[in-house]
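A structural walkthrough
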Amino acid sequence: MMHDKQISKISLGFFPTPIIELSNLSRVLGGAQIFMKRDDLTGLALGGNKTRKLEYILSDAIAQGCDTIITAGAAQSNHCRQTVAAAAKLGLECHLILGGSEPDAVTGNLLLDKVMGCHIHWAGEHRKGEDIPELYEQLQLAGKKPYIVPYGGSNELGAISFVEATRELVSQDRSFTHIVFASSSGGTHAGLMLGKEIFKQSYQVIGINIDKGEIDNMPFCQHIVSLANRTARLLRLSHELTAADLILEDEYIGEGYGIVSELEREAITLTAQTEGILLDPVYTGRAMGGLIDMIRSQHITKEDKVLFWHTGGAPALFAYSQDLAL
Ligand SMILES: *Cc1c(COP(=O)(O)O)cnc(C)c1O
């Protein structure tokens, strides 16, 4: 199965993404040197962390001779938007299974999905790909050769892209004490955790949990560690990570996935007004809110040098105008 697969990638974005210093934000917070890895600038139809994953996953789809892509997510999924863009570029048909029902206002990522062309299937409560097998079968019966990109692109191939992102980071030659980012389907987290071990880095890898609940009937923390270990196996490495290697901050979930509170509002406006950089309401706004809180509570100290990994998502801002109205 997975083990016999060739690991290859196709180019879908612009790498390495830059690292910049957020000196104004650092100053306003009174400490900790803050840097930002700009994966919002990967370049694929407004960018984001899924571009890295799709370079490996869609390479596999093409190698298998597939002609149709299926993936799933929330109506404002950044993962779905980047998958639609990649499929368009590669000449593949693309099907999205989106949570909820067709909204009155087509905006943000959903607007971009439609502009780039895809088939949308509304799935009600099922926003994590529960209905993928059924659609897969239907498309097969219709004579297509479908390929499933898992929820969030978080399988071993997706995680490998963040082992490679660690290689990229190390080559950019800076030493950080912490890496902070939004963690939601686990591929980014698993890859960065494993990458830290492979490249013998000393920084802490801190995922800010965005979404309570389980993935594949497994608590999220267990899913991340399991994915990191399966990824090591695919790379034929003997690393064995345990729960003790995982830092997943559950404190900032608030009312749940996609529900904006003062934490996100402050992080988004402060970053925008001090640095001219746009975060998103669901992921990076929450993760930056967590970082700001960790700096204020001195969980991260003035002497620390933190890298905030900007995973993208700003197109969703337009769909949250009510929550962000000042
Ligand atoms: C998907 C996504 C994440 C989370 O990455 P995972 O690998 O799914 O955990 C973070 N930020 C943004 C903007 C995303 O779209």
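Chains are numbered independently. Their residues run from 1 in the order of the written sequence. The model is predicted, so local features are restricted to residues of pLDDT at least 70 and side-chain atom pairs to those at 80 or more, both for listing and for counting; the totals for chains, interfaces and linings are taken over all residues. Hydrogens and water molecules were not included; the side-chain quantities draw on all heavy atoms of the structure.

For the rest of this paragraph, the subject is the packing of helix α7 (residues 187-198) against helix α8 (residues 220-234). Between N-to-C directions, angles cover 0 to 180 degrees, with each direction set by a line fitted to C-alpha atoms, over the stretch in contact for helices. The secondary structure listing takes helices from DSSP runs of H or I that are at least 4 residues long and strands from runs of E that are at least 2 residues long, numbered from the N terminus. α8 packs onto α7 with a crossing angle of 55 degrees between their chain directions and a minimal axis gap of 8 Å. Considered as vectors, α7 and α8 are oriented oblique to each other. Handedness of the α7/α8 crossing: right-handed. Across from Gly187, His189, Ala190, Met193 and Leu194 in α7, the residues of α8 making contact are Ile224, Val225, Leu227, Ala228, Thr231 and Ala232. Note that the term roughly parallel is reserved for angles under 35 degrees, roughly antiparallel for angles over 145, roughly perpendicular for angles of 65 to 115, and oblique for everything else. In this scheme, a crossing is called left-handed if the near helix is turned counterclockwise away from the far one by less than a right angle; it is called right-handed if the turn is clockwise. Working rule for contacts: check all heavy atoms of both residues, and any pair within 4.5 Å makes them a contact.

So, on to the environment of lysine 200. Inspection of the secondary structure assignment puts lysine 200 in the loop between α7 and β8 (204-209). Using a 1.4 Å probe on the protein chains alone, a residue whose accessible area is under 20% of its type maximum counts as buried, one over 50% counts as exposed, and one in between counts as partly exposed. Of the residues examined, lysine 200 reaches a relative accessible area of 72% and is grouped as exposed. Note: C-alpha distance between lysine 200 and histidine 310 (110 residues apart in sequence) is 23 Å.

Before going further, it helps to spend a moment on empty space enclosed by the protein. The rule is simple: put a 1 Å grid over the protein atoms alone, call a set of points where a 1.4 Å probe fits but cannot get out a cavity, call an open set with protein on both sides within 12 Å along at least five of seven lines a pocket, and count a residue as lining if it has an atom within 4 Å of a point. Grid points are joined across faces, edges and corners, and a volume is the space filled by probe spheres set on the points. In the structure shown here, the tally under the stated rule is one cavity of 30 Å³ or more. The computed volume of the largest cavity comes to approximately 260 Å³. In terms of lining residues, the largest cavity is bounded by 26 residues, among which Asn49, Lys50, Ser184, Ser185 and Tyr283 are the most central. Those elements that provide at least two residues to the lining of the largest cavity are α2 (50-63), β3 (68-73), α3 (78-90), β7 (178-183) and α7. A total of three residues in the lining of the largest cavity trace back to one element, the largest contributor, which is α7. Note on residue classes: Ala, Val, Leu, Ile, Met, Phe, Trp, Tyr, Cys and Pro are nonpolar, Asp, Glu, Lys and Arg are charged, and everything else, Gly too, is polar. Tallied by class, the residues present in the lining of the largest cavity amount to six nonpolar, 17 polar and three charged.

Burial analysis of strand β12 (residues 305-310) places five of its six residues in the buried class, which makes it a mostly covered element. Here a strand pair is declared whenever DSSP counts at least two bridges between the two strands. Where strand β2 (residues 33-38) meets β12, six bridges bridge the pair, whose relative direction is parallel. Among the inter-strand pairings, methionine 36 is bridged to a residue of β12, identified as phenylalanine 308. Pairing between β7 and β12: three bridges, direction parallel. Residue valine 180 lies in a different strand from β12, and its bridge partner there is phenylalanine 308.

Their axes nearest at 7 Å, the elements α2 and helix α6 (residues 156-171) cross at an angle of 135 degrees. As summarised for this structure, α2 and α6 are arranged oblique, according to the angle between their axes. The two elements α2 and α6 cross, and the hand of that crossing is right-handed. Here α2 contributes Arg52, Lys53, Tyr56, Ile57 and Asp60 to the contact with α6, which in turn contributes Leu157, Gly158, Ile160, Ser161, Phe162, Glu164, Ala165 and Glu168. When its residues are assigned to classes, the contact of α2 with α6 shows six nonpolar, two polar and five charged.

The mixed open sheet is built from six strands, whose spatial order is β1-β2-β12-β7-β8-β11. The open sheet has two free edges, formed respectively by β1 (19-21) and β11 (247-249), since each of these has just one partner strand. The mean inter-strand angle of the sheet, taken between neighbouring strand axes irrespective of direction, is 30 degrees. Here β7 runs beside β8; their pairing, made up of six bridges, is parallel. When the bridges of β8 are listed, phenylalanine 181 appears paired with glycine 207.

All right, on to α6 then. Expected span, for any helix, means 1.5 Å times one less than how many residues it has. The end-to-end C-alpha distance of α6, which contains 16 residues, comes to 23 Å, matching closely the 22 Å that a straight helix rising 1.5 Å per residue would cover. Among the 16 residues that make up α6, 12 are buried, leaving the element largely enclosed by the rest of the structure. Residues of α6 that are buried: Glu156, Leu157, Gly158, Ala159, Ile160, Ser161, Phe162, Val163, Ala165, Thr166, Glu168 and Leu169. Distance and chemistry together define a polar contact, namely a pair of N or O atoms within 3.5 Å, with one atom able to donate a hydrogen and the other to accept it when in protein, and with adjacent residues in sequence counting only for side-chain atoms on both sides. Taking the backbone nitrogen of leucine 157 as reference, a side-chain oxygen 3.2 Å away marks asparagine 155 as the first, capping residue of α6. Aspartate 173, located one to two residues past α6, shows a positive phi value of around 60 degrees.

Time to look at the packing of aromatic side chains. Stacked, tilted and edge-to-face are the three classes applied to pairs of Phe, Tyr and Trp rings, where Trp contributes its six-membered ring and a pair requires centres within 6.5 Å; stacked means planes under 30 degrees apart, edge-to-face means over 60, and tilted covers the rest. Under the counting rule described, the total for this entry stands at three aromatic pairs. With a centroid separation of 5.9 Å and an interplanar angle of 75 degrees, the aromatic rings of tyrosine 257 and tyrosine 283 are classed as edge-to-face. Of this pair, tyrosine 257 sits in the loop between β11 and α9 (262-275) while tyrosine 283 sits in the loop between α9 and α10 (284-296), placing them 26 residues apart in sequence. Tyrosine 257 sits in the buried class, given a relative accessible area of 18%. By relative accessible area, which is 16% here, tyrosine 283 ends up buried. We call a charge positioned over a ring when the NZ of a Lys or the CZ of an Arg lies within 6 Å of the ring centre and within 35 degrees of the ring normal. For the cation-ring pair, arginine 52 lies above phenylalanine 162, with the distance from its terminal atom to the ring centre recorded as 5.8 Å. Geometry around phenylalanine 176 places lysine 305 over its ring, the cationic atom sitting 5.8 Å from the centre.

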